[in-house]
Amino acid sequence: ALAQASLERTLGGLATLVGWHECNHEAPVFEGDLLSFEHTLVAEAIDATVDLVPAIARLRAAGLIQESGVASDRFTHALAQEVSYDSLLGHQRKTWHDIIGRAIERHHADRLDEGAALLAHHFERAAAWPEAVRYGQRAAERASSLSQFADALAMLDRVQEWLEHLPDDSARHAIKADLLLRQE
């Protein structure tokens, strides 16, 4: 209860959604992964009235997060992260995932292939289907180039599911044909 109250007061579940700093996810991002988060991304997404420095200090003092690099932190335990995430309502999660995905695009425009799986995850959770499909394709391509073929195929399967949310037009059919060829 203390962990939930501390996280809710400080970041309102947002830190769980941010997972970029030194992202090593070549494969899809899974629930339960302990993700680092950059302070700049959190600062962009939270209410301007929240003073991030003392908020981060309180979470560190409570043992809920720990420093994981310059201006970045990581949850110390999956349960702390889960409590934070579960404190958000469904529509809030969608909104935050969209905000964080777009912030990552802006702040890491030169490294989008590196974080394509993470971006696909955020945009899937935001129901931003065109972006989810685009980054899912990039993530599958990256996984394949790293000889992580099972991960690439799993991502292609997810992208194929996401395609169903796009308009039934020639662009969708072209993407589906490309996905089917890649899965061979």
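Residues numbered from 1 in each chain as written. Predicted model: local features only at pLDDT ≥ 70, side-chain atom pairs only at ≥ 80, totals over all residues. Heavy atoms only, no water.

Brief notes about the side chain of Asp73
Next up, step 1: Position of Asp73 relative to the elements: it lies in strand E3 (residues 72–75).
Next up, step 2: Given the relative accessible area of 0%, Asp73 is considered buried.
Next up, step 3: Here the side chain of Asp73 touches Arg60 through a polar contact of 2.8 Å, side chain to side chain.
Next up, step 4: One polar contact links the side chain of Asp73 to the main-chain amide nitrogen of Glu67, over a distance of 3.1 Å. (Helix = DSSP H or I, 4+ residues; strand = E, 2+ residues; numbered from the N terminus. Buried < 20%, exposed > 50% of the residue type's maximum accessible area, 1.4 Å probe, protein only. Polar contact = N/O pair within 3.5 Å; in protein donor to acceptor, adjacent residues only side chain to side chain.)

Here's the deal with the sheet that holds strand E1 (residues 36–38)
Next up, step 1: One open sheet holds the 3 strands; their spatial order is E1-E3-E2, and the pairing between them is antiparallel. The open sheet has two edge strands with one neighbour each: E1 and strand E2 (65–69). For this sheet, the mean angle separating the axes of adjacent strands, direction not counted, is 35°.
Next up, step 2: Bridge analysis of E2 against E3 gives 4 bridges, and the strand direction is antiparallel. (Pairing = 2+ DSSP bridges. Axes fitted to C-alpha atoms, helices over the stretch in contact; angles between N-to-C directions.)

Considerations on helix H6 (residues 116–125)
Next up, step 1: The element H6 is largely enclosed, with a buried count of 8 among its 10 residues.
Next up, step 2: Every buried residue belonging to H6 is among Ala116, Ala117, Leu118, Leu119, Ala120, His121, His122 and Phe123, and all of these are buried.
Next up, step 3: Elements in contact with the buried residues of H6: helix H5 (90–107), helix H7 (129–145) and helix H8 (149–163).
Next up, step 4: Looking one or two places after H6, you find Ala127, whose phi comes out positive at around 60°. (Contact = heavy atoms within 4.5 Å.)

Re the pairing of E3
Next up, step 1: Bridge count between E1 and E3: 3 bridges; the pairing is antiparallel. The partner of Ser36 across the bridge, within E3, is Arg74.
Next up, step 2: Linkage of E2 to E3, two consecutive antiparallel strands, is achieved through a turn of 2 residues, within which Ala71 is found at a positive phi near 55°.

Side note on the pattern of salt bridges
Any two side chains of opposite charge can pair if their charged atoms end up close together.
Next up, step 1: In this structure the tally under the stated criterion is 12 salt bridges.
Next up, step 2: Where Arg102 meets Glu105, a salt bridge forms, and the shortest distance between an N and an O atom there is 4.0 Å. Within this pair, Arg102 and its partner Glu105 are both found in helix H5, separated by 3 residues, close to a single helical turn.
Next up, step 3: Arg102 gets classed as partly exposed once you look at its relative accessible area, which sits at 28%.
Next up, step 4: Among the ionic pairs, Glu131 bridges to Arg102, the shortest N-O distance being 3.2 Å. Of the two residues, Glu131 is situated in helix H7 and Arg102 in helix H5; the sequence distance between them amounts to 29 residues.
Next up, step 5: Within this structure, Asp98, Arg102, Glu105, Glu131 and Arg134 form a network of salt bridges that share partners. (Salt bridge = Lys/Arg side-chain N within 4 Å of Asp/Glu carboxyl O.)

Considerations on the nonpolar core
Next up, step 1: In terms of nonpolar packing, the biggest core is built from 29 residues, with Tyr135, Met155 and Trp162 touching the most fellow members.
Next up, step 2: Residue assignment for this core shows that the elements contributing at least two residues are helix H2 (39–45), H5, H6, H7 and H8.
Next up, step 3: When neighbours within four sequence positions are excluded, Trp162 is seen to be in contact with Ala120, Glu124, Trp129, Ala132, Val133, Gly136 and Met155.
Next up, step 4: Listed in part, the 10 residues of the second largest apolar core include Phe37, Leu52, Ile56 and Leu64. (Core = buried A, V, L, I, M, F, W, Y, C linked by side-chain atoms within 4.5 Å.)

Let's talk about the packing of H7 against helix H9 (residues 170–182)
Next up, step 1: Packing of H7 against H9 brings their axes to within 12 Å, and their N-to-C directions diverge by 20°. Our classification of the angle between H7 and H9 gives roughly parallel. Relative to H9, the crossing made by H7 is left-handed. On H9, the residues touching Val133, Gln137 and Glu141 of H7 are Ile175, Asp178, Leu179 and Arg182.
Next up, step 2: Considering only residue class, the contact of H7 with H9 consists of 3 nonpolar, 1 polar and 3 charged. (Parallel < 35°, antiparallel > 145°, perpendicular 65-115°, else oblique. Left-handed = near helix turned anticlockwise from the far one by under 90°. Nonpolar A, V, L, I, M, F, W, Y, C, P; charged D, E, K, R; others polar.)

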